[in-house]
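Each chain is listed here by its residues.
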Amino acid sequence: MHEMGIALNILDIVKQIMISHEASKLNSICLAVGRFTAVVPHSLSFCLEIITKNTPFEGFNLEIEQVPLIGRCIDCGNEFAVCEYRFVCTSCGSNSIETVSGRELFIKEIEIERM
Ligand SMILES: [Zn+2]
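Structure report, in brief. (Residues numbered from 1 in each chain as written. Predicted model: local features only at pLDDT ≥ 70, side-chain atom pairs only at ≥ 80, totals over all residues.)

Digging into the nonpolar core
Listed in full, the 10 residues of the largest apolar core are Ala7, Ile10, Val14, Leu26, Ile29, Leu31, Val33, Leu44, Cys47 and Leu48. Secondary-structure elements contributing two or more residues to this core are helix H1 (3-20), strand S1 (25-34) and helix H2 (41-52). For cysteine 47, the contacting residues outside a window of four places in its chain are Glu3, Met4 and Ala7. (Core = buried A, V, L, I, M, F, W, Y, C linked by C-beta atoms within 7 Å. Buried ≥ 20, exposed ≤ 12 C-beta atoms within 10 Å, placed from the backbone. Helix = DSSP H or I, 4+ residues; strand = E, 2+ residues; numbered from the N terminus. Contact = placed C-beta atoms within 7 Å.)

Structure below.
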């Protein structure tokens, strides 16, 4: 389950932010997860729950925004949602497709509190 490694990374980043802001409580995390990252949101949320259990971070609200997989045809410029990883232009049938979005995985927002 590679979500565990990602969850640990996210928590690390969140800890750093909290330390630099002298925050004592974590209210919420909002993540942007591309559909092309192969991350299962449910697993990621489960992992974050496990690693924060019985820690000062426990009980925060997690929001995961899924970023759709969008491709752009290099030949005709058509942009389209890629279904089932079929990188074929819906307009001209070309195989020269670049990814516009869907590969990202980042922390969009966190909400913290100072005591
Ligand atoms: Zn095309």
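There is more to say, and it comes next.
Re the environment of glycine 5
By the secondary structure assignment, glycine 5 is in helix H1. For the pair glycine 5 and alanine 38, spaced 33 residues apart in sequence, the C-alpha separation works out to 13 Å.

Brief notes about unusual backbone geometry
Although it is not a glycine, alanine 38 adopts a positive phi angle of roughly 65 degrees. Looking at the element boundaries, alanine 38 is found in the loop between S1 and H2. Taking the number of C-beta atoms within 10 Å as the measure of exposure, alanine 38 has 9 and is therefore exposed.

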